[in-house]
Amino acid sequence: MKNKLRLARCTCVVGALAVNGLCGFVVSAAHANAASYDIEEIVVTASRRAENALSQPYMINVRDMQELQVERQVRTVPDALRDLPGVMIQKTAHGQGSPFIRGFTGLRTLFLIDGIRLNNSTFREGPNQYWNTVDPLSAHRLELVKGPTSVLYGSDAIGGTVNAISRSYRDGRWNEGMHWRMYARAASAENSWVLRPEVGYAGDRFDVMAAVSVKDFGDLEGGKELGTQPMTGYDERDYEFKLHFDISENQQLRLAVQSVNQDDAWRVHKTVFGTSWEETTTGDELRRSLSQDRTLSYLQYHATDLTGWMEELIVSLSYHDQSEERNRLRANLRTDIQGTSIGTTGLFAQMTVPSRVGALTMGAEFYHDDVDSYRRDYNADGSLRSISIQGPVADDATYLTAAAFVQDQFEFGARTDVTLGLRFTETEADARVVQDPDTGLPIQIKDDWSATTLSARFNHRLDTAGQSTLFGGVSQGFRAPNLSDLTRFDTARSNEFEIPVSSLESEEFLTYEFGLKHDGDRWSTQIAAYYTDIKDMVIRTPTGRDVGGLVEITKRNSGDGFVRGAEFQTRYLISAEWSVFGNLTWMDGEVDTYPTSSPERVREPIDRLMPLTALAGLRWNPETARWWVEAQVAWSDKQDRLSTRDAGDTDRIPPGGTPAFAVFGLRSGWQVSEALSLSAAVENVFDEDYRIHGSGVNEPGRNLVLTLLWTP
């Protein structure tokens, strides 16, 4: 019903909600006759089962297909989370975005695809590129749950968890028969174009869909002074196949294959082609490019009311093949090529059972990584110089995670729901081929960890209609050391070289949160404050040695500290035609670290601390028209609260910190017919030069974005 309303009338105010993310709990749509509709937004990530997001004790944001492709015209999955409170999108390169969610990124945030982990044991600390390997055009919706969800999803789910729920022809708007669809996007400052043809069949017992996304991104144009940023373009090809088959009225099989290939995405800030901005430095390398391949295949069984006492059962078997290769040409004309290949077998099963003590959700998970890693060095004349024992992480390594969990949601009084959760996790790493940094000979590193994780949260309805709720609670999070922590033998951030470590303990996090949600006919808002206590965080620590001009570092469980913050977002319908929206993020955090080779710990701001950030906008949606217009301004304060490592990362962070900015944008859409919609946006109207804190490239200058969606 929701998609039909949006496509047929194009009168939703969902674009306003998309900007500030309030689609996370209830979407309001204004029909041509000025009547309003409350449409419940159902999410699965917060509880591993379908629930109204307003009833869940978390800050939740949702981007659906209409917003991703038409309203927001997003380029990548990280860009889809842009402008949400509590989220900062750092971009080491144009093809490598990494969301910081409540102060954490990389291996401390979790990404799921239809409930299956994208994260594997080679994910490295700090910003990385892996979320860019998910095609946003394949997603029916993206669900973001902020804060620790380790009880339900295990290690890494600290700052937040994103679940990409893939598309199918089971969403209720497709008649039986053959269907096809075409999506096109072009952007001027990105020098880019995207084309996605799609074909499928919707039947009585089954539906099938196949699609390909062809993407070409040229060199990125900065603002009016910076101009072209050389060597920032890259190519991408995405392929997708999905089949749904109804075994019976309440049982279904789902088979899917997703494949992504990114070719030649440069980290240009490390090379001589980097563009200096606000006195940032540039590297001396002649090339540093990254290519990635990822293929996910899975078979899932979904059932409801299977035995009369079991409300839902899901069983998932998956195989995830992820590989990356870095090609670096040094200033002395010597080349090194290194890469990893990870095959992950995943299995999870979960069930929901109504009981006298509430709705029980329980299950078990199993993930097993097989990792190969390599490095080859070549002389200036192209002859082979050496073959290393390992690549960036250990070669011939395995990483096993097994877990069981249970969560109970029950009523406590007439208006309060309480959610209690428990998880037990066992993790084992076996790195068989690791290069000893002292002798250069191969060694083995083997270790295991266990963790028990608890969560207790509540949601209290302030009125009988349930339009206003208080929520909050306490949640534990943990992260077991992975192969990147233990065995990385590679350059890290600017001027650093990381070596293996034989033993580490799990990181521990404890988050306290309290917030308010309201959804009325004209006004919706979410506000929350949180405090995350950090214990035994694995941090990079200098050894006091120099390796070829780079500072040698290793890892230690020495990072105690905290992250705290407040998030606010709101939307108000002035009339049937006009709406305003906005959000605000404040964040602070400190952690113990070793800023020098001295053994003395110093408490400093966390790396890449998100500055004070705000967004405000206005949307006009004429009652009788098929079009809408929206204006917004995004503002970020200067970030000069820098850790020692941030201050030394001069390739990406200007001396004295990242400057403040204010960027204006205009968007509009036209529903030409029920089958054809057109959208246009002018991003960065005044052609400002700016970058997100910690990024290696500037954001686009004045950028005209055009999209077409044709669904006959």
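See the structure printed just above.
Summary of the structure given here. (Residues numbered from 1 in each chain as written. Predicted model: local features only at pLDDT ≥ 70, side-chain atom pairs only at ≥ 80, totals over all residues. Heavy atoms only, no water.)

1. Quick notes on the packing of aromatic side chains
- Tallied over the full model, the rule gives 14 aromatic pairs.
- A centroid spacing of 5.0 Å and a plane angle of 75° characterise the contact between Trp 180 and Trp 710, whose relative ring orientation is edge-to-face. Placement of the pair is Trp 180 in strand β12 (residues 177-187) and Trp 710 in strand β39 (residues 703-710), with a sequence separation of 530 residues.
- Assessed through its relative accessible area of 37%, Trp 180 is described here as partly exposed. (Phe/Tyr/Trp six-rings, centres within 6.5 Å; stacked < 30°, edge-to-face > 60°. Helix = DSSP H or I, 4+ residues; strand = E, 2+ residues; numbered from the N terminus. Buried < 20%, exposed > 50% of the residue type's maximum accessible area, 1.4 Å probe, protein only.)

2. Here's the deal with the sheet that holds strand β8 (residues 110-113)
- Reading across from one edge, β5-β10-β11-β8-β9 is the order of the 5 strands in this open sheet, with mixed pairing throughout. Here the strands that pair on one side only, and so sit at the sheet edges, are β5 (60-64) and β9 (116-117).
- As paired elements, β5 and strand β10 (residues 139-146) share 5 bridges and run antiparallel to each other. Each bridged residue has a counterpart across the sheet, and for Arg 63 the counterpart in β10 is Leu 142. (Pairing = 2+ DSSP bridges.)

3. Describing the layout of surface pockets
- Volume-wise, the second largest pocket comes out at about 740 Å³.
- Lining the second largest pocket are 37 residues; nearest its centre among them are Arg 328, Arg 330, Thr 491, Gly 548 and Leu 550.
- Breaking the lining of the second largest pocket down by element, the ones donating at least two residues are β20 (312-329), β21 (335-355), β22 (358-378), β23 (384-387), β28 (490-491) and β29 (496-498).
- The greatest single-element share of the lining of the second largest pocket, amounting to 3 residues, is contributed by β22. (1 Å grid on protein atoms, 1.4 Å probe; cavity = no way out; pocket = protein on both sides within 12 Å on 5 of 7 lines; lining within 4 Å. Points joined across faces, edges and corners; volume = space filled by probe spheres on them.)

4. What about the side chain of Glu 498?
- With respect to the helices and strands, the residue Glu 498 is situated in strand β29.
- For Glu 498, the side chain forms a polar contact with the side chain of Arg 540, separated by 3.4 Å.
- At 3.0 Å, the side chain of Glu 498 forms a polar contact with the side chain of Lys 555. (Polar contact = N/O pair within 3.5 Å; in protein donor to acceptor, adjacent residues only side chain to side chain.)

5. Some points on the environment of Gln 444
- Inspection of the secondary structure assignment puts Gln 444 in strand β26 (residues 442-461).
- Separated by 58 residues in the primary sequence, Gln 444 and Ser 502 have C-alpha atoms spaced 8.8 Å apart.
- Separated by 2.7 Å, the side chains of Gln 444 and Asp 430 make a polar contact.

6. What to know about the pairing of strand β7 (residues 96-101)
- When you tally the buried positions in β7, you get 6 out of 6 residues, the bulk of the element.
- The alternating pattern of β7 places Gln 96, Ser 98 and Phe 100 on one face and Gly 97, Pro 99 and Ile 101 on the opposite face, and all of these are buried.
- Examined bridge by bridge, strand β6 (residues 87-93) and β7 share 6 bridges and lie antiparallel to one another. From the neighbouring strand, Ile 89 faces β7, where its bridge partner is Pro 99.
- Counted between consecutive antiparallel strands, the loop separating β6 from β7 contains 2 residues.

7. Quick notes on the environment of His 368
- Relative to the elements of secondary structure, His 368 occurs in strand β22.
- On the accessibility criterion, His 368 (22% relative accessible area) is partly exposed.
- Remark: the alpha-carbon pair of His 368 and Val 272, spanning 96 residues in sequence, is separated by 40 Å.
- Setting aside residues no more than four positions away along its own chain, His 368 makes contact with Gly 343, Thr 344, Thr 345, Thr 398, Tyr 399 and Leu 400. (Contact = heavy atoms within 4.5 Å.)

8. Looking at the pattern of salt bridges
- Under the defined criterion, the tally for this structure stands at 60 salt bridges.
- Across the pair Arg 571 and Asp 519 runs a salt bridge whose closest N-O atoms are separated by 3.9 Å. With Arg 571 in strand β32 (residues 550-573) and Asp 519 in strand β30 (residues 507-519), this pair connects stretches of sequence that are 52 residues apart.
- On the basis of relative accessible area, Arg 571 is assigned to the buried category, the value being 1%.
- The shortest N-O distance in the salt bridge between Arg 608 and Asp 646 comes to 2.5 Å. In this pair, Arg 608 is assigned in the loop between β34 (602-605) and β35 (613-620) and Asp 646 in helix α7 (residues 644-648), connecting sequence segments 38 residues apart.
- Assessed through its relative accessible area of 1%, Arg 608 is described here as buried.
- One network of salt bridges, with partners in common, ties together Glu 285, Arg 288, Arg 326, Arg 328, Arg 330, Asp 336, Arg 375, Asp 377, Arg 488 and Asp 490. (Salt bridge = Lys/Arg side-chain N within 4 Å of Asp/Glu carboxyl O.)

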